[in-house]
Amino acid sequence: MLRHPRLYVLASSLVASLALAQSGPSLAGHYALATSRSAAEATIERAIDAATEEMGPLRGHVARNRLEAKNPVLGSIDIAVDESRVRIGYGDHTFAIQRGAFGAVRTPDGETAQARATLEGNRLTVDWRLDQGSRRDVFVREGDTLRLSIQISHEQLPADMRYRLRFRAGG
């Protein structure tokens, strides 16, 4: 028994508008690397050096090669979101990742991984599980910039590999 139905509709609309405003800009879109390719390569190389620093020469060389192969510089990222999945184009490779629950995903080198996407406002987290390790990709939209933070853990690495890259919307 609403005494003032117009007031109720107005209040509901205001609450919905505030909720949308707080969620920030949509993550869906095309993003281009916001720095030079050489600067991005240097960022990834520093992260690999830090993660493999305490390894011996042979194991360190093997780990470095694998990390370099799994972490190429991405010229672009594409994100599309629907009710049940997030589609992410990492450069030339696109993955359809389930939202909220882990599901099987085939990597470009033929491995099978488990991946899960979690979306909260302007933040998308993708958790990857492989046999002996894990990876977390966190995408955060800030205005026309997309920040990608990556953390890789593996039982053979003495330290996690961590790095961040920035991308520009629409590029």
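Residues numbered from 1 in each chain as written. Predicted model: local features only at pLDDT ≥ 70, side-chain atom pairs only at ≥ 80, totals over all residues. Heavy atoms only, no water.

A.B. asks: Help me out: how do you make sense of the packing of aromatic side chains in this one?
C.D. replies: Two aromatic rings, taken as a pair, are described by how far apart their centres are and by the angle between their planes. For the structure shown, the criterion picks out four aromatic pairs. Ring centres of tyrosine 90 and phenylalanine 95 lie 5.8 Å apart, and the angle between their planes is 75 degrees; on these two criteria the pair is classed as edge-to-face. Classification of tyrosine 90 as buried rests on a relative accessible area of 8%. Since its relative accessible area comes to 9%, phenylalanine 95 is described here as buried. Taken together, a centroid distance of 6.1 Å and an interplanar angle of 55 degrees make the contact between tyrosine 90 and phenylalanine 139 tilted. A residue pair is termed long-range when its members are at least 10 positions apart, and tyrosine 90 in strand S3 (residues 85–90) and phenylalanine 139 in strand S8 (residues 133–142) qualify at 49 residues. In this pair, the class of tyrosine 90 matches that of phenylalanine 139, namely buried. (Phe/Tyr/Trp six-rings, centres within 6.5 Å; stacked < 30°, edge-to-face > 60°. Buried < 20%, exposed > 50% of the residue type's maximum accessible area, 1.4 Å probe, protein only. Helix = DSSP H or I, 4+ residues; strand = E, 2+ residues; numbered from the N terminus.)

A.B. asks: Please explain helix H3 (residues 57–70) as it appears in this structure.
C.D. replies: In an α-helix there are 3.6 residues to a turn, and that puts residues three or four apart on one side. For H3, spanning 14 residues, the distance from its first C-alpha to its last is 20 Å, which sits close to the expected 20 Å at 1.5 Å a residue. Regarding H3, the residues found buried are Gly60, Ala63, Arg64 and Leu67. Seen from one end, H3 has its buried residues packed into an arc of 105 degrees, which puts them on one side. Turned more than 90 degrees off the buried face of H3, the exposed positions are Leu58, Val62 and Ala69. (Expected span 1.5 Å × (residues − 1). Arc of directions from axis to C-beta.)

A.B. asks: Sorry, what's going on with the side chain of arginine 147 here?
C.D. replies: In this structure, arginine 147 sits in strand S9 (residues 145–154). Looking at arginine 147, its side chain comes within polar contact range of the side chain of glutamate 142, at 2.6 Å. Contact partners of arginine 147, with chain neighbours within four places excluded, come to Val138, Phe139, Val140, Glu142, Arg164, Leu165 and Arg166. (Polar contact = N/O pair within 3.5 Å; in protein donor to acceptor, adjacent residues only side chain to side chain. Contact = heavy atoms within 4.5 Å.)

A.B. asks: Would you take a moment to explain the pairing of strand S5 (residues 103–106) for this structure?
C.D. replies: Consecutive side chains of a regular strand alternate in pointing toward one face of the sheet and then the other. Only one face of S5 is buried: it carries Gly103 and Val105, and the other face, with Ala104 and Arg106, is open. With four bridges joining them, S5 and strand S6 (residues 112–120) adopt antiparallel strand pairing. In the sheet register, arginine 106 faces S6, and the bridge partner there is threonine 112. Where S5 hands over to S6, the hairpin turn is made up of five residues, of which glycine 110 adopts a positive phi near 95 degrees. (Pairing = 2+ DSSP bridges.)

A.B. asks: It is not clear to me how the sheet that holds strand S1 (residues 29–33) should be interpreted in this structure. Could you clarify?
C.D. replies: Within a beta sheet, neighbouring strands are joined by backbone hydrogen bonds and run either parallel or antiparallel to one another. Taken together, ten strands build an open sheet; the order of strands is S4-S3-S2-S1-S10-S9-S8-S7-S6-S5 and the sheet is antiparallel. Strand pairing shows two members of the sheet lacking a second neighbour, strand S4 (93–98) and S5, which therefore form its edges. For this sheet, the mean inter-axis angle between neighbouring strands, taken without regard to orientation, is 25 degrees. Relative to strand S2 (residues 76–81), S1 runs antiparallel, the two sharing four bridges. Each bridged residue has a counterpart across the sheet, and for histidine 30 the counterpart in S2 is aspartate 78. The strands touched by helix H2 (residues 37–52) are S1 and strand S10 (161–169); relative to S10, the strand with the most contacts, the crossing angle is about 160 degrees. (Axes fitted to C-alpha atoms, helices over the stretch in contact; angles between N-to-C directions.)

A.B. asks: Explanation requested: the environment of glutamate 83 in the structure shown.
C.D. replies: Tracing the backbone shows glutamate 83 in the loop between S2 and S3. Distance from glutamate 83 to arginine 99, taken between C-alpha atoms, is 7.9 Å for residues 16 residues apart in sequence.

A.B. asks: Looking at this structure, I do not really get the pattern of salt bridges. What am I missing?
C.D. replies: Pairs can form between side chains of opposite charge whenever their charged atoms are close. For the structure shown, the criterion picks out twelve salt bridges. For arginine 116, the salt bridge is made with aspartate 127, and the minimal N-O distance between the two is 3.0 Å. Placement of the pair is arginine 116 in strand S6 and aspartate 127 in strand S7 (residues 123–129), with a sequence separation of eleven residues. One connected set of salt bridges, linked through shared partners, spans Glu45, Asp49, Arg64 and Glu68. (Salt bridge = Lys/Arg side-chain N within 4 Å of Asp/Glu carboxyl O.)

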